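Coordinates in review
Residue strings, one per chain:
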Amino acid sequence: GIVGAAGLQPTIEAIKLKKDIALANKETLIAGGPVVCPLVQEYGVNMLPADSEHSAIFQCLQGMPPGGLRRVILTASGGAFRDLSKDELFKMCQEDPRAVQAKATTHPNWDMGAKITLDSATMMNKGLEVIEAHYLFGASYDDIDIVVHPQSIVHSMVEMQDTSCIAQLGWADMRLPLVYSVSWPHRLKLPYKPLDLAELSTLTFKRADNEKYPCINLAYEAGRAGGTMTAVLNAANEAANEKFRDDIGLGFLDIPKLIEATMEDHKADLKTSNVSLEDILTCDEWARAQVEAKIKEIQSGAQIFA
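Before going into details, it helps to say that this report is about the structure given with it. Because the structure is a prediction, the values reported are computed rather than measured.

What to know about the overall build of the protein
Across its full length, the protein carries 13 helices and 7 strands. Overall size of the protein, expressed as C-alpha extent along the three principal axes, is 60 × 50 × 35 Å. Relative to its full complement of 306 residues, the protein shows a buried share of 49%. Pairs at least 24 apart in sequence give 74% of the contacts found in the protein among residues at least 6 apart. Carbon together with sulfur atoms contributes 50% to the accessible area of the protein, which is approximately 14500 Å² in total. Charged side chains of the protein number 29 positive and 41 negative; the gap between the two group centres comes to 4 Å.

Right under this line is the structure:
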C-alpha cells in the first residue's frame, strides 16, 4: 500500500477517472481534504472509509435521517504507553529513552505498519482520525470526541440528536472494514470468527489524556485552523515519525514539539480559501524541510524548544 501523503495524487487521479475510492490511507484526506472533498462532489464518486474507526462510523450512520447526527465518538486502543500515567511516561522518556524507543514501535492489539504503530503510541493517529472524520462525515470538531478503549472491540460510535448511541463492534481484524468498503451497500457472508461478548466479559473506557498525548490537541488545532494547516501537521508528523524510527537520537517527546513548532512557523503563511493541490504539495515539502532543519539544530546542541 501507499503510506502517508504519497497517496494524495494517485487518489485525485482515480477520482478524476470517476472511480469510487475505498480509502485506507487517511493522510490523503487529512493533507488534501480542501482539494479532495470538492473533487469527490464534482465527479460524483463515493469515498468509502476502509480503516476500522471510520468504517465503524460509516456503518453506524446507515439509515440515519438527515440532521440526526449529534456527535462522533472515536475509540482508541491507547497505544504502547496506555498503561502508564503521564508522569510515568515522561519519567521513562527522561531516564530510559532506549526502552521508550523500543516500546513505541510495538502495538498491544493491532498488527500494523511501523509508521502507524508509532502514530498510535503518540496518539497522533487518533488526532489524524479526528480530521478525517470531519472531512468524511461533516462533523464539527466540537462534536468529535476520543475515548480510550483498550480492548479494541468497539471500533467507534455515533450519538444521535436524541442521545441514543450506536456502536459497531468486532474483533480487532482489519479484514472486515476492508471488505465492507468494497462490498457496500451489501453484506457478504464471511468465514470470520463471530464476536462472543461472553468470552470478552469486560469492555472498558476512559478519557484520553491530552496532556500525556500533546498530539491530540495539535490535531484539533490544525483542523480548526483548516486550509493548509492540516497538510503541515501531517507532513511534520510524517517527518518526525520517520526520524524517530531511524533512531538518530530524537526523543519521543520531541515528536509533538517538532510538529507544534512547524505549525507555529506556518501561521503567517496559512491559506484557508481557494486551496489548490499545488498549495498542499508546497506546504508538505516545506513542513518536511522545516522538521529536518530543526532536527539538525537539536543534533548540534541548540535548544530550540522552550
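Having seen it, we continue.
Notes on unusual backbone geometry
Omega for the peptide link from W184 to P185 comes to 10 degrees, which places this bond in the cis form. At S201, a residue that is not glycine, the phi angle is positive and equals roughly 75 degrees. Relative to the helices and strands, S201 is located in the loop between α9 (197-200) and β7 (206-207). You can call S201 exposed: its relative accessible area is 63%. In this structure, N274 takes a positive phi of about 55 degrees despite not being glycine. As for its position among the elements, N274 is in the loop between α12 (254-266) and α13 (277-299). With a relative accessible area of 72%, N274 lands in the exposed category.

Here we look at the pairing of strand β6 (residues 165-169)
Here strand β5 (residues 154-160) pairs with β6 via 5 bridges, running antiparallel. The residue bridging V158 from the neighbouring strand is I166, located in β6. Here β5 folds back onto β6, and the loop between the two strands holds 4 residues, one of which, T163, carries a positive phi near 80 degrees.

Considering the packing of aromatic side chains
Here a ring pair, both rings aromatic, is described through the centre-centre distance and the interplanar angle of the planes. Tallied over the full model, the rule gives 4 aromatic pairs. Ring centres of F81 and F252 lie 5.1 Å apart, and the angle between their planes is 65 degrees; this geometry places the pair in the edge-to-face category. Highlighted residues: F81 in the loop between β3 (69-76) and α4 (86-95) and F252 in the loop between α11 (229-245) and α12, separated in sequence by 171 residues. A residue is classified by how much of its surface remains accessible, and F252, at 6% relative accessible area, is buried. Both rings, one in F244 and one in F252, keep their centres 6.0 Å apart while their planes meet at 70 degrees; by these two values the pair is edge-to-face. The ring of Y192 carries the charged tip of R175 above its face, separated from the ring centre by 4.0 Å.

Here's the deal with a nonpolar patch on the surface
On the surface, a nonpolar cluster with roughly 230 Å² of combined accessible area is contributed by L169, L195 and L197. Tracing the chain through its elements places L195 in the loop between α8 (175-183) and α9. What makes L195 partly exposed here is its relative accessible area of 31%.

Description of the state of the cysteines
Tallied over the full model, the rule gives 0 disulfides. Left unpaired, C37 is separated from the closest cysteine sulfur, that of C283, by 17 Å.

Overview of empty space enclosed by the protein
Considering all chains together, one arrives at 2 cavities of 30 Å³ or more under this definition. Approximately 70 Å³ is the volume attributed to the largest cavity. Listed by contribution, the elements that provide at least two residues to the lining of the largest cavity are α3 (52-60) and α8. At 3 residues, the largest contribution of residues to the lining of the largest cavity is made by α3.

Quick notes on the sheet that holds β6
Within the open sheet, the 5 strands sit side by side as β6-β5-β3-β4-β7. Their pairing is mixed. The open sheet has two free edges, formed respectively by β6 and β7, since each of these has just one partner strand. Two strands pair when backbone bridges link them, and β3 and strand β4 (residues 144-148) are joined in this way by 5 bridges, in the parallel orientation. Looking at β4, one finds that T75 is bridged to V147.

Description of the side chain of K126
For K126, the location among the structural elements is in helix α7 (residues 124-137). A polar side-chain atom of K126 sits 2.7 Å from a polar atom in the side chain of E129. Not counting residues up to four positions away in its chain, the partners in contact with K126 are E53, L74, T75, A76 and I146.

Cut-offs and rules
- Residues numbered from 1 in each chain as written.
- Predicted model: local features only at pLDDT ≥ 70, side-chain atom pairs only at ≥ 80, totals over all residues.
- Heavy atoms only, no water.
- Helix = DSSP H or I, 4+ residues; strand = E, 2+ residues; numbered from the N terminus.
- Buried < 20%, exposed > 50% of the residue type's maximum accessible area, 1.4 Å probe, protein only.
- Contact = heavy atoms within 4.5 Å.
- Areas by Shrake-Rupley, 256 points an atom, 1.4 Å probe, with all protein chains shown as cover.
- Lys, Arg positive; Asp, Glu negative; His and termini not counted.
- Charge placed at Lys NZ, Arg CZ, Asp CG, Glu CD.
- Pairing = 2+ DSSP bridges.
- Phe/Tyr/Trp six-rings, centres within 6.5 Å; stacked < 30°, edge-to-face > 60°.
- Lys NZ or Arg CZ within 6 Å of the ring centre and 35° of its normal.
- Patch = residues over 30% accessible without salt bridge, like charges linked within 9 Å, V, L, I, M, F, W, Y side chains within 5 Å.
- Salt bridge = Lys/Arg side-chain N within 4 Å of Asp/Glu carboxyl O.
- Disulfide = S-S within 2.5 Å.
- 1 Å grid on protein atoms, 1.4 Å probe; cavity = no way out; pocket = protein on both sides within 12 Å on 5 of 7 lines; lining within 4 Å.
- Points joined across faces, edges and corners; volume = space filled by probe spheres on them.
- Polar contact = N/O pair within 3.5 Å; in protein donor to acceptor, adjacent residues only side chain to side chain.

Remember that the coordinates give geometry; whether it matters functionally is a separate question.
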